[in-house]
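One letter stands for each residue in the lines below.
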Amino acid sequence: MRFPTLPTWFAKKLSVASPVKVKDRSQLRVGIPKVLNIWTTAQFWVGFLKALGVSSENIIFSSDTSEEQGREFGKGRGTVDCCYPVKCISGHYGELIFGQKKKINVLFSPMIHTLPSLLHGHVVDTITCTRVMAGPESIKAGFMKERDIFTENGIVYASPFVSLGDRHMVVQQMHDSLKDVFDLDLEETNLAVQAGFEALDAFTAKARQQSRDILNWCAQNQKPCILVLARPYHMDTGIGHEIEAELQAHGFPILWLQYLPGDGDLMNWLFEEDMRSGRIKSPFDISDVWTSSYSSNTNEIMWGAKFASRCPWITCVIRLSSYECGMDQPTYTPTQKIVEASRTLFFKFGDLDSTKPAGSIKIRVETVVHYMAKYSQEIMRSKLARLSPQCPLGPLQAPASSLPESEVPAGLHADNPPAVSAAS
Ligand code: SF4
């Protein structure tokens, strides 16, 4: 017998009567907290709402996380969650409720259960962190513990439980939870969901192409770049503290793992030997390094580490992680080992919280820049030596060695490539 636990658990009653009386939704103002996995799915929600007739200027995202935001709008509304990125959501809710010149009608905070991913079908599942998934529920409690702040402000609280990684489920999920909020029928929900996925897919494809263009430029010019190994919300300047921007200011292009290119030619080139040896079944297979591959962001972090370990022009990986992140704890050592197996530089900025330690970031950025300047050419050279000369990116030229030939460790010469053992 099947128990519909999740639909029952998350079944919603509207906090106030829906503001939508006619199907003209152009005046409806919808606020979306810019938190957690919204960072890589925002285009879906915008595409969905626009297809329903909500105008672009009436889709309002909260600002990036900041101490002021938390102090001004989230104070006294904390919930028991100890991880920093979830705690911050109170400030985002408060800013949307109390901080708008023109009030919002709907606070839209989806509970995202699964995520679209390049690795879909190659891993066990693409589920989100449970704190991320249920975050909106725990944060909502902070706005209802004494009295219902949503009702007081005439705001409908909408929090659809959505499996974005399992597209066949999304129309029904969105219709079930939003039909009363937006006065939706199933057909228009279907069209809006399609529009949402089209917008998300178009953006993601464009971002991946831009990452490929960066790699192409690096290959043509034999220049190094940096990969950021982090969760989507580290793009938030208040969570990731713009560490990658400091490095970019030194002239190193930055790639985010969420938008690495997954084109077949590039993947086959990077993972050719691993597939030939039977170590993995496809370039997106991470079973050689991570068997419990059910968590989407974690899977992608492990895959990004493998990608970086092999890709010649990624000579440095920056690992970001937030305070009290239970999901990241078991991945620290494996990711570092995978990346460093090919002598790629690895720097971790862990336990990030509300404080931006500007001084120590500056010192560490200078350290990263020093090591990149000193070792990048050698790292590129040794990684290129392990790959086939048929590179799908720019023309291959062996970068000039910055070390005398006698100091290059045996086995890393282009004419004497070692057996592939780059990752793990
Ligand atoms: S992934 Fe880590 S930091 Fe992010 S919500 Fe989950 S436990 Fe918190």
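Preceding this section is the structure that the text describes.
For the structure given in this document, a descriptive report is provided here. (Residues numbered from 1 in each chain as written. Predicted model: local features only at pLDDT ≥ 70, side-chain atom pairs only at ≥ 80, totals over all residues.)

Thoughts on the pairing of strand β7 (residues 225-229)
Thought 1: Taken across its five residues, β7 has five buried, putting it largely inside the fold.
Thought 2: Sheet analysis places β7 next to strand β9 (residues 314-322), joined by five bridges and oriented parallel. Bridge pairing in β9 places leucine 229 opposite arginine 319.
Thought 3: Relative to strand β8 (residues 254-256), β7 is paired through three bridges, and the arrangement is parallel. Counterpart to isoleucine 226 in the pairing with β8 is isoleucine 254. (Buried ≥ 20, exposed ≤ 12 C-beta atoms within 10 Å, placed from the backbone. Helix = DSSP H or I, 4+ residues; strand = E, 2+ residues; numbered from the N terminus. Pairing = 2+ DSSP bridges.)

A word on the nonpolar core
The nonpolar side chains of soluble globular proteins are, as a tendency, buried together.
Thought 1: Counting 104 residues, the largest nonpolar core has Val106, Leu107 and Ile318 as the members making the most contacts within it.
Thought 2: Inspection of this core shows a minimum of three residues originating in each of domain 1 (24-202) and domain 2 (210-407).
Thought 3: Sequence-distant contacts of valine 106, that is, excluding residues within four places in its chain, are made with Leu28, Val30, Ile155, Val156, Ala158 and Val181. (Core = buried A, V, L, I, M, F, W, Y, C linked by C-beta atoms within 7 Å. Domains from an automatic or database assignment. Contact = placed C-beta atoms within 7 Å.)

With respect to helix α8 (residues 170-182)
Thought 1: The sharpest bend along α8 comes to roughly 40 degrees, located at aspartate 176.
Thought 2: Considered for burial, the residues of α8 that qualify are Val170, Gln173, Met174, His175, Ser177, Leu178, Val181 and Phe182.
Thought 3: Residues of α8 that are buried make contact with β3 (106-108), β5 (156-158), β6 (161-163) and α9 (186-221).
Thought 4: Looking one or two residues beyond α8, the residue adopting positive phi is aspartate 183, at roughly 55 degrees. (Bend = angle between axes of the 7 residues up to and from the residue.)

What to know about the sheet that holds strand β10 (residues 345-352)
Thought 1: Judged by pairing direction, the sheet is parallel, and its four strands sit side by side in the order β8-β7-β9-β10 without closing on themselves. A single partner strand is all that each edge strand has here, and the edge strands are β8 and β10. Each strand axis lies, on average, 20 degrees off the axis of its neighbour in the sheet, ignoring direction.
Thought 2: Sheet contacts for helix α13 (residues 296-310): β7 and β9; angle to β7, the most-contacted strand, approximately 160 degrees. (Axes fitted to C-alpha atoms, helices over the stretch in contact; angles between N-to-C directions.)

Comments concerning the sheet that holds strand β2 (residues 59-61)
Thought 1: The strand order β2-β1-β3-β5 describes an open sheet built from four strands, whose pairing is parallel. Both outer strands of the open sheet, β2 and β5, are each paired with one neighbouring strand and no more. Across the sheet, the mean angle separating the axes of adjacent strands is 25 degrees when strand polarity is ignored.
Thought 2: Relative to β3, strand β1 (residues 30-32) runs parallel, the two being bridged by two bridges. Each residue of the ladder has a partner; that of valine 30, found in β3, is valine 106.

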